[in-house]
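# Understanding the architecture of this molecule
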Amino acid sequence: MTHIKTVNKANLKQTAAKGGCGKCQTSCQSACKTSCTVANQKCEAVK
Amino acid sequence: MIHKYKQNGHYVVLDVCSGGVHEVDELAYRLLDYAKPPFSDSCPDDITAKLSDFSPDEINECYLELKQLYDEGMLFTDDDYEKYADMALNAPIKAMCLHVSHDCNLRCGYCFAQTGDFGGDRMLMSKQTGMRAMDYLIAHSGDRVNLEVDFFGGEPLMAWDTVVETVKYARSIEKQHNKNFRFTITTNGILLDDEKIEFINREMSNCVLSLDGRKEVNDRIRPCINGKGSYDVIVPKFQKLVQGRKDKDYYVRGTFTKYNLDFAEDVLHINSLGFEQLSVEPVVADPSLPYAITESDLPRIFDEYDRLEKIMEEQKKAGERKFNFFHFMIDLNQGPCVIKRLRGCGCGNEYVAVTPDGDIYPCHQFVGIEQWRMGSIFTDELSREIKDKFARLHIYSKEGCRDCWARFYCSGGCNANSFIYEGDIRKPHTLACEMQKKRIECAITLNL
């Protein structure tokens, strides 16, 4: 492609298949305590 | 649904529901004002006519590239995730904010805990209550192995014996219950000494160290009880702690207010003190207070986030990344699964706060608000009604989230903010949303 560079391929749908295990950190415990971002958390099922 | 934005010379297109991120040229960026599914085999004439400063051949070529992305499921994909929305019902509790101290040795002007006591009596948690809280967490954690406990306050170092004994007790029973405790602590640093630093660096997987930035900024709003600034006392202690931390996580965490809307300077200052893991966040405060962030501050705050992004991007290009900024961190490839992304922090459902006398609340920011008291670790009660209410909070049940491009990144935002500002845990606080969206754009730009 000459006009588009894909930086991240679509992967959210795949994560649904094995997702929801709940092993991951709660997103407020890590640093914020007054706001919430989830996308900066790690998946703990992927090692 | 797509979202597109320009930042620091980049044209960025997000495919919201697939997680696809594309950096495009100006033509593709503008073409997306008009090109939408269903796509034709060539660019329609009325669209070509709208982009007369490009050649028809070029426009058609670009149109077909967009069509290809669409065909491959990387553009204009549908939201197919609502069927997972109620998966958190009946989730066990896996994280606890342990309020070992409802007292504090600072008098921060913006403290949401009313200088530490959360509107009640000043008190410390006993060792017995701390240990009982660990039993409670284990008993309610189902098959979750990793259990997170954050020692919080007020100032948790004021209840140091309770911190130590609670950790020792949890460590003594974790194996027999097949659990792995991850302790963290959020401290203002005043009472840190060598013994505490050694213990924290050994036992705590993360620690959050409160410092607002430049000395004058910090000391204006984070004075000691005697009115003197706290900066000179805490900075050397934090430096010593971080030097001994090795590869363990930490964040130096600051709050910015209307008094320091040039907060990028504070980020850079904290970095200049030798700290590399940084988080500086907007204050949560009643809009009538003089230091509160209000809507009129947003343009200035956005400029400041842009400035910070640009600085970090330049450092990255030069191969000299000097610090991480918590809210600009996004792992585009191996972030959380979409099911996690449907809801925020999990407060009131997977995450609770426990007060010095053992009462349970959805999170630290709800502590002391009677209507949100969920129960007590001593009676083993836990309000099913409140737990279910929080379990059913997700991007499909919160006002405005369903159609927001940022919903899979912020996941509906902070429930406490919603309640404090909007009076309803289902109504996201719009000011927080606007800042969050800006931070997400910056974070993604840094990943290009």
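That block above? That's the structure.
Residues numbered from 1 in each chain as written. Chains lettered and ligands numbered in written order. Predicted model: local features only at pLDDT ≥ 70, side-chain atom pairs only at ≥ 80, totals over all residues. Heavy atoms only, no water.

The next subject is the sheet that holds strand β2 (residues 10-15) of chain B. Strand order in the open sheet made by the 4 strands is β1(A)-β3(B)-β2(B)-β1(B), with antiparallel pairing throughout. Lying at the two open borders of the sheet, with one neighbouring strand each, are β1 (4-8) of chain A together with β1 (2-7) of chain B. Sheet twist, expressed as the mean angle between neighbouring strand axes with direction ignored, is 25°. Across 4 bridges, the pairing between β1 of chain A and strand β3 (residues 20-24) of chain B is antiparallel. Within the sheet, the bridge partner assigned to isoleucine 4 of chain A lies in β3 of chain B and is valine 24 of chain B. Strands in contact with helix α15 (residues 430-446) of chain B are β1, β2 and β3 of chain B; relative to β1 of chain B, the strand with the most contacts, it is inclined by about 75°. (Pairing = 2+ DSSP bridges. Helix = DSSP H or I, 4+ residues; strand = E, 2+ residues; numbered from the N terminus. Axes fitted to C-alpha atoms, helices over the stretch in contact; angles between N-to-C directions. Contact = heavy atoms within 4.5 Å.)

Next up on the list: helix α12 (residues 384-391) of chain B. Residues and elements named next belong to chain B. Among all positions of α12, only Ile386, Lys387, Phe390 and Ala391 are buried. The buried side chains of α12 occupy one side of the element, clustering within an arc of 135° when seen end-on. Considering only its buried residues, α12 is in contact with β16 (381-382) and α14 (415-422). (Buried < 20%, exposed > 50% of the residue type's maximum accessible area, 1.4 Å probe, protein only. Arc of directions from axis to C-beta.)

So, on to the packing of aromatic side chains. Residues and elements named next belong to chain B. Considering all chains together, one arrives at 20 aromatic pairs over all chains under this definition. Ring centres 5.4 Å apart and planes at 85° place the aromatic pair tryptophan 372 and phenylalanine 419 in the edge-to-face group. Of this pair, tryptophan 372 sits in the loop between β14 (359-361) and β15 (375-376) while phenylalanine 419 is found in helix α14, placing the two residues 47 residues apart along the sequence. Residue tryptophan 372 shares its accessibility class with phenylalanine 419, and that shared class is buried. Counting every residue linked through ring pairs, the aromatic cluster contains Phe256, Phe263, Tyr305, Phe325 and Phe328. We note lysine 4 situated over the ring of tyrosine 29; from NZ or CZ to the ring centre the distance is 3.9 Å. Directly above the aromatic system of tyrosine 259 lies the positively charged group of arginine 220, at a separation of 3.6 Å from the ring centroid. (Phe/Tyr/Trp six-rings, centres within 6.5 Å; stacked < 30°, edge-to-face > 60°. Lys NZ or Arg CZ within 6 Å of the ring centre and 35° of its normal.)

Another aspect to go through is the sheet that holds β14 of chain B. Residue and element names in this part refer to chain B. Spatially, 11 strands are ordered β12-β11-β10-β9-β8-β7-β4-β13-β14-β15-β16 in an open sheet, and the strand pairing comes out mixed. The sheet terminates laterally at β12 (324-325) and β16, the two strands that pair on one side only. Sheet topology note: the strand β8 (residues 180-187)/strand β9 (residues 204-210) ladder contains 5 bridges and is parallel. Bridge assignment links threonine 184 to a residue of β9, and that residue is asparagine 206.

In this section: the interface of chain B and chain A. Contacts between chain B and chain A engage 80 residues on the former and 42 residues on the latter. Of the roughly 5,000 Å² buried at the junction of chain B and chain A (both faces included), carbon and sulfur atoms supply 54%. Looking only at chain B, the three residues that lose the most surface to chain A are Glu65, Phe326 and Lys340 of chain B, adding up to 11% of its buried area. Across the chain B-chain A interface, the total number found is 2 salt bridges. Among the ionic pairs, glutamate 44 of chain A bridges to arginine 182 of chain B, the shortest N-O distance being 2.7 Å. The interface formed by chain B and chain A contains 25 residue pairs in polar contact (both at pLDDT 80 or more). If one sorts the elements of the side of chain B that touches chain A by residue count, helix α3 (residues 56-71) of chain B sits on top with 7 residues. (Buried area = accessible area lost by both parts, 1.4 Å probe. Salt bridge = Lys/Arg side-chain N within 4 Å of Asp/Glu carboxyl O. Polar contact = N/O pair within 3.5 Å; in protein donor to acceptor, adjacent residues only side chain to side chain.)

Compared with the 18 Å implied by 1.5 Å per residue over 13 residues, the 19 Å span of helix α4 (residues 127-139) of chain B between its first and last C-alpha is a close match. Taken as a whole, α4 of chain B has its buried residues at Thr129, Gly130, Ala133, Met134, Tyr136, Leu137 and Ile138 of chain B. (Expected span 1.5 Å × (residues − 1).)

Residues and elements named next belong to chain B. Within strand β4 (residues 95-99), 5 of the 5 residues are buried, which leaves the element mostly enclosed by the surrounding structure. Alternating positions in β4 separate into two faces, Ala95, Cys97 and His99 on one and Met96 and Leu98 on the other, with burial throughout. With 5 bridges connecting them, β4 and strand β7 (residues 146-152) associate as parallel partners. The partner of histidine 99 across the bridge, within β7, is phenylalanine 152.

On to the state of the cysteines, then. The bond known as a disulfide is covalent and runs between the sulfur atoms of two cysteines. All names here are of chain B. Enumeration according to the criterion identifies 0 disulfides over all chains in this entry. Cysteine 207 takes part in no disulfide bond, and the closest cysteine sulfur to it belongs to cysteine 97, at a distance of 15 Å. Unpaired in this structure, cysteine 414 has its nearest cysteine sulfur neighbour in cysteine 363, at a distance of 6.1 Å. (Disulfide = S-S within 2.5 Å.)

Two faces belong to every sheet, and in a regular strand the side chains alternate between them. Residues and elements named next belong to chain B. With burial as the criterion, each face of strand β13 (residues 351-354) is covered, one bearing Tyr351 and Ala353 and the other bearing Val352 and Val354. With 4 bridges joining them, β4 and β13 adopt parallel strand pairing. When the sheet's bridge partners are listed, methionine 96 is paired in β13 with valine 352. Bridge analysis of β13 against β14 gives 2 bridges, and the strand direction is antiparallel. Of the residues in β14, the one forming a bridge with alanine 353 is tyrosine 361. Connecting β13 to the antiparallel partner β14 that follows it, the hairpin turn spans 4 residues, and glycine 358 within it adopts a positive phi of roughly 90°.

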